[in-house]
Amino acid sequence: MKKLINSADTVLEESLDGFAAAHADILSLGAERKFVRRRTLKPGKVALISGGGSGHEPLHAGFVGLGMLDAACPGQVFTSPTPDQMVEAAEAVDTGAGVLFIVKNYEGDVMNFAMATEMAGRDVATVLTNDDVAVETSTYTTGRRGVAGTLIVEKMVGAAAETGMRLAALKALGDEVNRRTRSMGVALTPCTVPAAGRPNFTLADDEMEMGVGIHGEPGRRRVPLAPADAIAAELLDAVLKDLAPGRGSEVLLLINGFGATPLLELYLMVNSARRILDGAGIKATRFLTGSYVTSLDMAGVSITVSVLDSQAQTLWDAPVHTAALRWGV
């Protein structure tokens, strides 16, 4: 294993310290590094909190700031944060309008955020993301996994929260954005968890895992490596069949790298996906390309499509200032 680490036991703590130092204008660390919080809170705004296992950076801490999250709770690598982390985060960022948890559909995350809701002693609602169409149930989940579509939910709900939208309306919006969003990914190589020191699954040089999860969970099938156009076609076929956008629909296209995929290849996938969407009579009018919901050092890509209406376009275009996303400010 070759990694830029000092000790597998201190990877998260040292990374969080560096992250907070690099972005001290936007955010700060909570006590004992239990959460990352927005440095400047907006009084009277619903507080948005998310979190999950580390190893998916910049999700979630990279999305703390203006227009997105007020706090993020990082667990150990691929391990859910604990309920006390969410409770302390809520205490730190709730300015009186209540708290919205945005939770990816993994059993540990769902259970611990539910416990935090009971313990918080304040007005809390939850949006559950489950945009992955690859499999209905996997190693970590009952039901579909929450993957890169979580970023879209956090961005649109975060923009609405900045306008003063109330808690119940924000939950309804988050549920609706999740309903209009679908994703599927493919792995070209496995990833290596520092504490394990070895890849968490195996792939031959001429194989890929179609429908892989962001923790390396098995997908739909293991298949021979194929050209980018064929990969994009299979991923989008599954996404569009499930999402069923009508001809003439406008969509947001997110091409997301898993951590070790160069932008050269990601933009090539944008081109492949755009041609497929055009052929289906679907117009991508918003794009986001890069490694935003990763799986450590996995090579691969996920494609996310989110159907847009005028409200969603406005919310997506709204100003955002976080470590990972910045526009309009």
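For the structure, see preceding data.
All values reported here derive from a predicted model rather than from experimental measurement.

Asker: Looking at this structure, I do not really get the sheet that holds strand β4 (residues 65–66). What am I missing?
Answerer: In any sheet, the strands associate via hydrogen bonds between backbone groups, in a parallel or an antiparallel arrangement. Sheet architecture is open: 3 strands sit in the order β4-β14-β15, paired in antiparallel fashion. Only two strands of the sheet have a single partner each, and these edge strands are β4 and β15 (326–327). Sheet topology note: the β4/strand β14 (residues 320–322) ladder contains 2 bridges and is antiparallel. If you follow Gly65 over to β14, its bridge partner there is Thr322.

Asker: What exactly am I supposed to notice about helix α1 (residues 11–22) here?
Answerer: Counting along an α-helix, one turn takes 3.6 residues, and residues three or four places apart therefore face a common direction. Taking 1.5 Å as the rise per residue, α1 with 12 residues should run 16 Å; its terminal C-alpha atoms sit 16 Å apart, in good agreement. Among the residues of α1, Leu12, Leu16, Phe19 and Ala20 are the ones counted as buried. For α1, the buried positions fall inside an angular range of 95° around the axis, keeping them on one side. Projecting away from the buried face of α1 at angles above 90 degrees are the exposed residues Ala21 and Ala22.

Asker: Explain the sheet that holds strand β3 (residues 47–54) here, please?
Answerer: Taken together, 6 strands build an open sheet; the order of strands is β1-β2-β5-β3-β6-β7 and the sheet is mixed. The outermost strands of the open sheet, each flanked by one partner alone, are β1 (27–29) and β7 (124–129). Sheet twist, expressed as the average angle between the axes of neighbouring strands with direction ignored, equals 20°. Relative to strand β2 (residues 36–38), β1 runs antiparallel, the two being bridged by 3 bridges. Looking at β2, one finds that Ser28 is bridged to Arg37. Packing against the sheet, helix α5 (residues 167–179) makes contact with β3, β6 (99–104) and β7, and its axis sits at approximately 5° to β7.

Asker: Can you help me understand empty space enclosed by the protein in this one?
Answerer: Within the structure shown, the criterion is met by 1 cavity of 30 Å³ or more. Size it by volume and the largest cavity reaches roughly 40 Å³. The wall of the largest cavity is formed by Asp132, Val147, Met184, Gly185, Val212, Ile214, Phe258 and Ser302. Taken together, the residues of the lining of the largest cavity sort by class into 5 nonpolar, 2 polar and 1 charged.

Asker: I would appreciate a short explanation of the packing of helix α6 (residues 228–243) against helix α7 (residues 263–279) in the present structure.
Answerer: A pair of packed helices can be characterised by two numbers: the angle between their axes and the separation between those axes. Viewed as axis vectors pointing N to C, α6 and α7 meet at an angle of 50°, and their least axial separation amounts to 9 Å. In terms of their interaxial angle, α6 and α7 are classed as oblique. Classified by chirality, the crossing of α7 by α6 is right-handed. Only Leu268, Met269, Ser272, Ala273, Arg275, Ile276 and Leu277 of α7 make contact with α6, whose side of the interface consists of Ala228, Asp229, Ile231, Ala232, Ala233, Leu236 and Leu240.

Asker: I'm lost on the pattern of salt bridges in this one. Help?
Answerer: Opposite charge on two side chains permits them to pair, given that their charged atoms come into close proximity. Applying the stated rule across the entire model yields 25 salt bridges. Between Asp132 and Arg145 there is a salt bridge, and its shortest N-O distance comes to 2.8 Å. Note that Asp132 is positioned in the loop between β7 and α4 (149–162) and Arg145 in the loop between β7 and α4, a separation of 13 residues in sequence. Arg145 matches Asp132 in its accessibility class, with the two residues each being buried. For the salt bridge of Arg144 with Glu136, the shortest nitrogen-to-oxygen distance reads 2.9 Å. We classify Arg144 as buried; its relative accessible area is 15%. Counted as one network, the salt bridges with shared partners bring together Arg38, Lys42, Lys45, Asp70 and Glu162.

Asker: How do you make sense of the packing of α4 against α5 when you look at a structure like this?
Answerer: At their nearest, the axes of α4 and α5 sit 9 Å apart, and the two run at 150° to each other. Relative to α5, α4 is oriented roughly antiparallel. Considering the relative orientation of α4 and α5, their crossing is right-handed. Only Leu170, Leu173, Gly174, Val177 and Asn178 of α5 make contact with α4, whose side of the interface consists of Ile152, Val153, Met156, Val157, Ala160 and Ala161. Of the residues assigned to the contact of α4 with α5, the class counts are 9 nonpolar, 2 polar and no charged.

Asker: Would you mind showing me how to read the nonpolar core here?
Answerer: It is characteristic of soluble globular proteins that their nonpolar side chains tend to be buried jointly. Judged by nonpolar contacts, the single largest core of 58 residues is most densely connected at Leu48 and Leu100. Looking at this core, the elements with two or more residues in it are α1, β6, β7, α4, α5, β11 (250–257) and α8 (310–317). When residues in this core are grouped by element, the largest group, 8 residues, is from α4. In this structure, Leu48 is in contact with Met68, Leu69, Asp70, Ala71, Leu100, Ile102, Glu154, Val157, Gly158, Ala161 and Leu170, ignoring residues within four places of it in sequence.

Reading guide: rules and limits
Residues numbered from 1 in each chain as written. Predicted model: local features only at pLDDT ≥ 70, side-chain atom pairs only at ≥ 80, totals over all residues. Heavy atoms only, no water. Pairing = 2+ DSSP bridges. Helix = DSSP H or I, 4+ residues; strand = E, 2+ residues; numbered from the N terminus. Expected span 1.5 Å × (residues − 1). Buried < 20%, exposed > 50% of the residue type's maximum accessible area, 1.4 Å probe, protein only. Arc of directions from axis to C-beta. Axes fitted to C-alpha atoms, helices over the stretch in contact; angles between N-to-C directions. Contact = heavy atoms within 4.5 Å. 1 Å grid on protein atoms, 1.4 Å probe; cavity = no way out; pocket = protein on both sides within 12 Å on 5 of 7 lines; lining within 4 Å. Points joined across faces, edges and corners; volume = space filled by probe spheres on them. Nonpolar A, V, L, I, M, F, W, Y, C, P; charged D, E, K, R; others polar. Parallel < 35°, antiparallel > 145°, perpendicular 65-115°, else oblique. Left-handed = near helix turned anticlockwise from the far one by under 90°. Salt bridge = Lys/Arg side-chain N within 4 Å of Asp/Glu carboxyl O. Core = buried A, V, L, I, M, F, W, Y, C linked by side-chain atoms within 4.5 Å.

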